[in-house]
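Listed below, chain by chain, are the residues.
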Amino acid sequence: MREGSDGPREGPRYATTRFRRSAEAFGMAASPTLLMRVVASAYSVAEKAARIVRNVMATGDLGIVEKSGANDLQTKADRLVQMSICASLARKFPKATIIGEEELPPHDVAEELIEDGHCEEILKKTCPPQYTGIKEEEVMLHVFIFYPHLSILLTDFNFKHNYIFFCFCTGLLDHVTVLIGIAYGGKAIAGVINQPYYNYEAGADAVLGRTIWGVLGIGAFGFELTEVPAGKHIIVTTRSHSSTLVDDCISALNPDSVIRVGGAGNKIIQLIEGKASAYVFASPGCKKWDTCAPEAILHAVGGKITDIHGNSFHYNKEVKHMNSAGVLATLRNYDYYASRIPNTVKQSLVP
């Protein structure tokens, strides 16, 4: 994997002196810390989820159901992915708290949905010292899978039975993302984003998918960190949930251009790959499972994400899921954009 930023040098920081000597005596490596094991497992679990997504989409039978209405839809892939992620992580880390958009699966999940592997490369990284003492019961896992424009499938017969074709024709396959965020002490400290259809434009024989991951204090990996050219102000915002307030906020920033894409994870990818300089969404709508993984990855490379008021997001078990005061995120120059958010917009969004 290609690194998005450099991390600290490796070192045996997470073994006790007694264990380290014992390990050295027997030619053994010290055991990875809990955090690195969780991230390494989440990486493999996200890749399993991506395979499930591609398999379901390839059948053409999305098994779409309405949850609370025509604009709140769920697919077979939603259900299977959530079951796979939650059951796989719960089996390895039973004391951790798992939060997601869909209802948590029952205990009798089919064995073929379980992923028990891990990424060896992640386990080789040295855990930042401030996270070496984390206990399993202190870990919060926020999981989500994003699909663009599902609502069109219920109204357009031509696309209802071929979602892949719809996304391909409209350039939206890259918007599909699997997110696993890891929080501790109310703070997003690690995250995994998988794009199941990354590289789909390379042709029929292309290898699909990529996984981006990051940990605060180590860095972020799986992509090439790039910044927007100096002096350019490119805003990335919602593709399908715009409003007068959203548009007024963007206009006040006087951007050179505006990119509209789906998914919080995809928007953060636009920032870290130099396609956009600020992610602005002046509206309620995003949830904690949307922002946890992307926040950790963005922060791991020096970026910043808050609500429109500049308040940090909190990921404690007790906090509400909705990020009711919108989202403002940048890789660089956060203060430039924060200072230009109109007071009328702030007054309309209650934290």
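Residues numbered from 1 in each chain as written. Predicted model: local features only at pLDDT ≥ 70, side-chain atom pairs only at ≥ 80, totals over all residues. Heavy atoms only, no water.

> Would you mind showing me how to read the confidence of the model for the chain here?
Reading predicted coordinates in detail is not appropriate for stretches of low pLDDT. Here the chain averages 83 in pLDDT, while 77% of its residues score no lower than 70. Within the model, the stretch residues 5-29 combines pLDDT values under 50 with 32 contacts to residues more than four positions away or in other chains. Between residues 149-169, whose pLDDT stays under 50, and residues either more than four places distant or in other chains, the model counts 39 contacts. (pLDDT = per-residue confidence, 0-100. Contact = heavy atoms within 4.5 Å.)

> Help me understand the side chain of arginine 210, please; the structure alone is not making it clear to me.
Along the chain, arginine 210 falls in strand β7 (residues 210-215). One polar contact links arginine 210 to glutamine 195, side chain to side chain, over a distance of 2.7 Å. Once residues within four sequence positions are removed from consideration, arginine 210 is found in contact with Ile193, Asn194, Gln195, Tyr198, Gly222, Phe223, Ile269 and Glu273. (Helix = DSSP H or I, 4+ residues; strand = E, 2+ residues; numbered from the N terminus. Polar contact = N/O pair within 3.5 Å; in protein donor to acceptor, adjacent residues only side chain to side chain.)

> In this structure, what is going on with the pattern of salt bridges? I would like to understand it.
Opposite charge on two side chains allows them to pair when their charged atoms are near. One pass over the structure, following the stated rule, counts six salt bridges. Of the charged contacts in the structure, one is a salt bridge between arginine 91 and glutamate 111, with a shortest N-O distance of 2.8 Å. Taken together, the positions of arginine 91 in helix α3 (residues 76-92) and glutamate 111 in the loop between β3 (97-100) and α4 (120-123) put the pair 20 residues apart, joining distant regions of the chain. Glutamate 273 is paired through a salt bridge with arginine 210; the nearest N and O atoms lie 2.7 Å apart. Highlighted residues: glutamate 273 in the loop between α8 (264-272) and β11 (278-281) and arginine 210 in strand β7, separated in sequence by 63 residues. By relative accessible area, arginine 210 is classed as buried at 11%. (Salt bridge = Lys/Arg side-chain N within 4 Å of Asp/Glu carboxyl O. Buried < 20%, exposed > 50% of the residue type's maximum accessible area, 1.4 Å probe, protein only.)

> Just to check I follow, could you spell out the environment of isoleucine 114 for this structure?
Note that isoleucine 114 resides in the loop between β3 and α4. Given the relative accessible area of 11%, isoleucine 114 is considered buried. Not counting the four nearest positions on each side in its chain, isoleucine 114 is found in contact with Lys48, Ala87, Ser88, Arg91 and Val109.

> Hey, could you run me through the nonpolar core in this one?
Considering soluble globular proteins, one finds that nonpolar side chains tend to be buried as a cluster. Counting 107 residues, the largest nonpolar core has Leu35, Ile85, Ile180, Ile182 and Tyr279 as its most contacted members. Sorting elements by how many residues they give to this core places helix α2 (residues 34-59) first, with 15 residues. Leaving out residues up to four positions away in the same chain, tyrosine 279 has contacts with Val236, Ala264, Lys267, Ile268, Leu271, Cys286, Val327, Leu328 and Ala329. (Core = buried A, V, L, I, M, F, W, Y, C linked by side-chain atoms within 4.5 Å.)

> Whenever I open this one, the sheet that holds strand β10 (residues 257-261) confuses me. Can you help?
In a beta sheet, neighbouring strands are held together by backbone hydrogen bonds and run either parallel or antiparallel to one another. Here five strands make up an open sheet; going across it, the order is β10-β9-β11-β13-β12 and the pairing mixed. Each edge of the open sheet is held by one strand with a lone partner, namely β10 and β12 (304-306). Each adjacent strand pair in this sheet contributes to an overall mean axis angle of 20 degrees, direction not counted. Bridge count for strand β9 (residues 234-238) against β11 is two bridges, and the pairing is parallel. Pairing of valine 236 across the sheet is with tyrosine 279, part of β11. Strands β9, β10 and β11 of the sheet are contacted by helix α7 (residues 244-252), whose axis makes an angle of about 175 degrees with β9. (Pairing = 2+ DSSP bridges. Axes fitted to C-alpha atoms, helices over the stretch in contact; angles between N-to-C directions.)

> Just checking my understanding: could you explain the pairing of β10 for this structure?
Taken residue by residue, a regular strand's side chains alternate between the two faces of the sheet. Two strands pair when backbone bridges link them, and β9 and β10 are joined in this way by five bridges, in the parallel orientation. Bridged to isoleucine 234 within β10 is serine 257.

> Would you explain the packing of α8 against helix α9 (residues 288-300) in this entry?
Working note: a packed helix pair is described by the angle between its axes plus the distance between those axes. Where α8 meets α9, the closest approach of the two axes is 8 Å, and the angle between their N-to-C directions is 15 degrees. The pairing of α8 with α9 is recorded here as roughly parallel in orientation. In the crossing of α8 with α9, the sense of the turn from one axis to the other is right-handed. For the pair α8 and α9, the contacting residues are Ala264, Gly265, Ile268, Leu271 and Ile272 in the first and Asp290, Pro294, Ile297 and Leu298 in the second. (Parallel < 35°, antiparallel > 145°, perpendicular 65-115°, else oblique. Left-handed = near helix turned anticlockwise from the far one by under 90°.)

> Sorry if this is basic, but what is going on with the layout of surface pockets here?
If you roll a probe as big as a water molecule over the atoms, it shows you where there is empty space left. Of the volumes computed, that of the second largest pocket is approximately 340 Å³. Lining the second largest pocket are 20 residues, with Asp174, Tyr198, Arg210, Glu273 and Lys275 positioned closest to its centre. No other element matches α8, which puts three residues into the lining of the second largest pocket. The class makeup of the residues in the lining of the second largest pocket is six nonpolar, seven polar and seven charged. (1 Å grid on protein atoms, 1.4 Å probe; cavity = no way out; pocket = protein on both sides within 12 Å on 5 of 7 lines; lining within 4 Å. Points joined across faces, edges and corners; volume = space filled by probe spheres on them. Nonpolar A, V, L, I, M, F, W, Y, C, P; charged D, E, K, R; others polar.)

> How do you make sense of α9 when you look at a structure like this?
Residues three or four positions apart in an α-helix share a direction because the helix packs 3.6 residues into each turn. When the terminal C-alpha atoms of α9 are compared, their 18 Å separation across 13 residues agrees well with the 18 Å that a helix rising 1.5 Å per residue should span. Most of α9 is tucked away, with 12 of its 13 residues classed as buried. Of all the positions in α9, only Lys288, Trp289, Asp290, Thr291, Cys292, Ala293, Pro294, Glu295, Ala296, Ile297, Leu298 and Ala300 are classed as buried. (Expected span 1.5 Å × (residues − 1).)

> What should I look at first to understand the pairing of strand β13 (residues 327-330) in this one?
What you see with β13 is no split at all: Val327 and Ala329 on one side and Leu328 and Thr330 on the other are buried throughout. Bridging between β11 and β13 involves four bridges; their strand directions are antiparallel. Paired with alanine 278 across the two strands is threonine 330, which belongs to β13. Two elements, β12 and β13, share three bridges in a ladder whose sense is antiparallel. Its bridge partner lying in β13, lysine 304 is registered against threonine 330.

> Mind showing me how you'd approach the environment of asparagine 316 here?
Along the polypeptide, asparagine 316 turns up in the loop between β12 and β13. Residue asparagine 316 is classed as partly exposed on the basis of its relative accessible area, which comes to 31%. Each C-alpha atom of the pair asparagine 316 and glycine 186 lies 4.4 Å from the other, and the pair is 130 residues apart in sequence. Excluding residues within four positions of it along the chain, asparagine 316 makes contact with Met140, Gly185 and Gly186.

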